[in-house]
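Given next are the chains, with one letter for each unit.
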Amino acid sequence: MAIGTFFIYLAVMAGVTYLIRVIPYVAMRKEVKNVFFKSFLNYIPYTVLAVMTVPAILSATDHKLSAIAGLAVGIIVAWFEKGLLAVALSACGAVLLVEVIFKFFVH
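Parameters at a glance
- Residues numbered from 1 in each chain as written.
- Predicted model: local features only at pLDDT ≥ 70, side-chain atom pairs only at ≥ 80, totals over all residues.
- Heavy atoms only, no water.
- Axes fitted to C-alpha atoms, helices over the stretch in contact; angles between N-to-C directions.
- Helix = DSSP H or I, 4+ residues; strand = E, 2+ residues; numbered from the N terminus.
- Parallel < 35°, antiparallel > 145°, perpendicular 65-115°, else oblique.
- Left-handed = near helix turned anticlockwise from the far one by under 90°.
- Contact = heavy atoms within 4.5 Å.
- Nonpolar A, V, L, I, M, F, W, Y, C, P; charged D, E, K, R; others polar.
- Buried < 20%, exposed > 50% of the residue type's maximum accessible area, 1.4 Å probe, protein only.
- Polar contact = N/O pair within 3.5 Å; in protein donor to acceptor, adjacent residues only side chain to side chain.
- pLDDT = per-residue confidence, 0-100.
- Expected span 1.5 Å × (residues − 1).
- Bend = angle between axes of the 7 residues up to and from the residue.
- Phe/Tyr/Trp six-rings, centres within 6.5 Å; stacked < 30°, edge-to-face > 60°.

Draft legend 1. Molecular detail of the packing of helix H3 (residues 64–79) against helix H4 (residues 84–106). Following both chains from N to C, one finds H3 and H4 inclined at 150 degrees, their axes separated by 8 Å at the closest point. By the criterion of interaxial angle, the relationship of H3 to H4 is roughly antiparallel. Every pair of crossing elements has a handedness; the one defined by H3 and H4 is right-handed. Counting all contacts with H3, which are made through Leu-65, Ser-66, Ala-69, Gly-70, Val-73, Gly-74, Val-77 and Ala-78, the residues of H4 involved are Ala-86, Val-87, Ser-90, Ala-91, Ala-94, Val-95, Val-98, Glu-99 and Phe-102. Grouping the amino acids of the contact of H3 with H4 by side-chain chemistry returns twelve nonpolar, four polar and one charged.

Draft legend 2. Looking closely at the side chain of Ser-66. Looking at the secondary structure, you find Ser-66 in helix H3. Take Ser-66: its relative accessible area is 0%, and that puts it in the buried class. Only 2.6 Å separates the side chain of Ser-66 from the side chain of Glu-99, close enough to count as a polar contact. In this structure, Ser-66 is in contact with Thr-61, Val-95, Val-98 and Glu-99, ignoring residues within four places of it in sequence.

Draft legend 3. Quick peek at the confidence of the model for the chain. For the chain, mean pLDDT is 92; residues scoring 70 or higher make up 99% of the total. Looking at the elements of the chain, mean pLDDT is at its lowest for helix H2 (residues 35–58), recorded as 90, and at its highest for H3, recorded as 96.

Draft legend 4. Region of interest: helix H1 (residues 3–27). Over its 25 residues, H1 extends 35 Å from the first C-alpha to the last, a length consistent with the 36 Å expected when each residue adds 1.5 Å. Maximum bend of H1: about 30 degrees, positioned at Arg-21, with proline Pro-24 one to four residues after it.

Draft legend 5. Broad picture of the packing of aromatic side chains. Applying the stated criterion across every chain, the model contains two aromatic pairs. The interplanar angle of 70 degrees and the centroid separation of 5.3 Å between the aromatic rings of Phe-6 and Phe-7 together place this pair among those described as edge-to-face. With centroids separated by 6.2 Å and ring planes inclined at 20 degrees, the aromatic side chains of Phe-37 and Phe-40 adopt a geometry described as stacked. Highlighted residues: Phe-37 and Phe-40, both in helix H2, separated by three residues, approximately one helical turn. For Phe-37, a relative accessible area of 31% puts it in the partly exposed group. Judged by its relative accessible area of 45%, Phe-40 falls in the partly exposed class.

Draft legend 6. View of H4. End to end, H4 covers 32 Å across 23 residues, agreeing with the expected 33 Å (1.5 Å per residue, within 8%). The set of residues buried in H4 consists of Val-87, Ala-91, Ala-94, Val-95, Val-98, Glu-99 and Phe-102. Of the surrounding elements, those touching the buried residues of H4 are H3.

Right, here's the structure in full:
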């Protein structure tokens, strides 16, 4: 890649990153009073985290079934309001169990 092209790409990425952070401050100078819009803004971080995490979960294992099993077990354990460590360990255990079953019994 030519050095000029690199700096053009770098400038565009810096500009987009800056605008993403500045536009909300410029657009909303006053406090948001609309209850619906406030609750919508409160859920955005969780939504973004889920959108980034779930595809990574589903592509992190050798078999889709083990990924789905880990995700399902994690959701079930989290539903019962267990801690983050319990959710992570149970999901990892489910993935390990399914992967071992695939390795020794399916192939």
